[in-house]
Every structure is written in structure tokens, then in C-alpha cells.
Amino acid sequence: MRYITHNAEETKAIAKELAAVLQGGEFIALIGDLGAGKTTFTQGLVDALGSKARVKSPTFTVMNEYKIDPPKNGIARVIHVDFYRFSKEAELGALSLEDEMRADTVIVAEWPNVFAREVYEPDIKITLSHKGGDEREIEVETGA
Ligand code: ADP
Ligand code: MG
């Protein structure tokens, strides 16, 4: 599906639609340039699942966790990661993201495409592109 949004709220609304069909266990890849709206999209997703937390860019912390309490559709937490500062797959070792992949967890990853190969095969791929001004194109691809 392809959408055009004109402000951050509209982008969050697309994330809300996606949140409604999540079941837990998904790995969501967010692809797009700086400022395209990846973190904004994540905020919309975390909001829609019922967390009041303010989602901040995990560029420096690398990984942030948002508890969903009570769980929604079996989802008890969202893990938000940002690989912007990574370049080699070997650097991922310390993160142990595999250990976080559980049925009650949704992982949202910004910049999963910085590595030489596709390290994580996403269940859902979101591509956000600048279209001039505040306009963004958002493509949502879910697995076959
Ligand atoms: P990224 O994580 O991709 O670097 P952010 O979500 O942190 O991007 O930043 C996007 C910025 O662009 C925010 O300041 C947001 O308010 C603004 N913005 C303007 N229009 C839109 C839009 N249509 N969708 C998402 N964000 C938008
Ligand atoms: Mg970001």
C-alpha cells in the first residue's frame, strides 16, 4: 500500500492502521532518509498500542523499549532500534537483538539497510520518502 501524508499527524495515523493488524513477533523495517519520519511513525505505532511514552530517537541509545501495559493483541512491548551509527554486521554482536525477538514483542528498526547484506529479514517494510515540504510518500509492504 502507498500513502501520501502532509504532516506528522497523518504519518502517525498510517502507523495506527498498521498497529491495528500487528499480532506480536513482527520485525518492522523503517527505510528512509534523515527526517523522512521514521521516528514519527514509531511514535504513532507506540501511541496506538496504548503506551503514553514519548518515543525518542534511539540514535545514541541504539535501543529503547516501550512497555505495552496492558498488552494489546498479545503485544507487551515495542523495541525501537536505530542502526544509523552502525556499519558492520560484526558490531551487532553486543546488541543481541535476536534475544529480544519474542512473540509478545514488536521490533521497529530504523536504518536496517546500513549493512552490506540484509541482516534482518523484515516481516513488514515501511519506506518513507520526502516529496517536498512536509509531504511524504509511505509505502507499506507486508510479507506475502
Ligand atoms: P527520521 O526518524 O526519519 O529521521 P523524524 O521522524 O525524526 O525522522 O523527523 C521527521 C520530522 O519531519 C519531524 O520533525 C516531523 O514533525 C516532520 N514532518 C513534517 N511532515 C511530516 C510528515 N508528513 N510525516 C512525518 N514527519 C513529518
Ligand atoms: Mg529517527
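Residues numbered from 1 in each chain as written. Chains lettered and ligands numbered in written order. Predicted model: local features only at pLDDT ≥ 70, side-chain atom pairs only at ≥ 80, totals over all residues. Heavy atoms only, no water.

Asks: Pulling in residues and values, what's your account of the site of ligand 1?
Replies: Around ligand 1 there are 16 residues in total, and Thr 11, Gly 35, Lys 38, Thr 40 and Asp 134 lie nearest to it. At a separation of 2.8 Å, an oxygen atom of ligand 1 approaches a polar backbone atom of Gly 35. When ligand 1 sits alone it has 570 Å² of accessible area, and the protein chains cover 73% of it. Of all the secondary structure elements, the ones that give two or more residues to the shell around ligand 1 are helix H1 (8-19) and helix H2 (38-48). It is H2 that provides the largest number of residues to the shell around ligand 1, a total of 3 residues. (Near = heavy atom within 4 Å. Polar contact = N/O pair within 3.5 Å; in protein donor to acceptor, adjacent residues only side chain to side chain. Areas by Shrake-Rupley, 256 points an atom, 1.4 Å probe, with all protein chains shown as cover. Helix = DSSP H or I, 4+ residues; strand = E, 2+ residues; numbered from the N terminus.)

Asks: Can you tell me about the side chain of Glu 110, naming the residues and giving the values?
Replies: Note on placement: Glu 110 falls in strand S5 (residues 105-110). One buried charge, Glu 110, has no salt-bridge partner; the nearest side chain with opposite charge is Lys 38, at 4.4 Å. Looking at Glu 110, its side chain comes within polar contact range of the side chain of Thr 39, at 2.6 Å. Side chain to side chain, Glu 110 and His 80 meet in a polar contact 2.7 Å long. In contact with Glu 110, other than residues within four places in its own chain, are Leu 30, Lys 38, Thr 39, Thr 42, Pro 58, His 80, Val 81, Asp 82 and Phe 83. (Buried < 20%, exposed > 50% of the residue type's maximum accessible area, 1.4 Å probe, protein only. Lys, Arg positive; Asp, Glu negative; His and termini not counted. Salt bridge = Lys/Arg side-chain N within 4 Å of Asp/Glu carboxyl O. Contact = heavy atoms within 4.5 Å.)

Asks: Report on the coordination of the magnesium ion (ligand 2), specifying residues and quantitative values.
Replies: Taken together, Thr 39 (OG1) and Glu 110 (OE) make up the protein donors of the magnesium ion (ligand 2), found 2.2 Å from the metal. With Thr 39 in helix H2 and Glu 110 in strand S5, the pair connects residues that are 71 residues apart, well separated along the chain. (Donors = N, O, S within 2.8 Å, 3.2 Å for Na, K, Ca; no water.)

Asks: An account of the nonpolar core is requested, with residue identities and associated values reported.
Replies: Counting residues in hydrophobic clusters, the biggest one holds 26 residues, and the most contacted among them are Leu 18, Leu 22, Ile 28, Phe 41, Leu 45, Ile 126 and Ile 138. Not counting residues within four places of it along the chain, the set of residues in contact with Ile 126 comprises Leu 18, Ile 28, Ala 29, Leu 30, Ile 31, Phe 41, Ile 138, Glu 139 and Val 140. One finds Ile 79, Val 81, Leu 92 and Tyr 120 within the second-largest nonpolar core, a separate group that totals 15 residues. (Core = buried A, V, L, I, M, F, W, Y, C linked by side-chain atoms within 4.5 Å.)

Asks: Describe in detail H1, supporting the description with residues and values.
Replies: For H1, built from 12 residues, the straight-helix expectation of 16 Å at 1.5 Å per residue is met to within 8% by its first-to-last C-alpha distance of 16 Å. All of the buried residues along H1 are Thr 11, Ile 14, Ala 15, Leu 18 and Ala 19. End-on, the buried residues of H1 take up no more than an arc of 145°, which puts them together on one face. Relative to its buried face, H1 has exposed residues pointing more than 90 degrees away, namely Glu 9 and Lys 16. Looking at the buried side of H1, the elements it contacts are strand S1 (2-5), strand S2 (27-31), H2, strand S6 (124-130) and strand S7 (136-142). The backbone nitrogen of Glu 9 has a side-chain oxygen 3.1 Å away, supplied by the residue at the start of H1, namely Asn 7. (Expected span 1.5 Å × (residues − 1). Arc of directions from axis to C-beta.)

Asks: Break down the pairing of S1 for me, citing the residues and quoting the values.
Replies: Of the two faces of S1, the one lined by Tyr 3 and Thr 5 is fully buried and the one lined by Arg 2 and Ile 4 carries no buried residue. One ladder, built from 4 bridges, connects S1 with S7; its direction is antiparallel. Opposite Tyr 3, over in S7, you have Ile 138 as the bridge partner. (Pairing = 2+ DSSP bridges.)

Asks: Help me get a handle on unusual backbone geometry, residues and values and all.
Replies: With an omega of 5°, the peptide bond between Asp 69 and Pro 70 qualifies as cis. Tracing the sequence through the fold places Pro 70 in strand S3 (residues 63-72). Located in the positive-phi region is Asn 73, a residue other than glycine, with phi close to 50°. With respect to the element layout, Asn 73 can be found in the loop between S3 and strand S4 (75-82). The exposure class of Asn 73 is partly exposed, given its relative accessible area of 47%.

Just distances and angles here, no functional claims.
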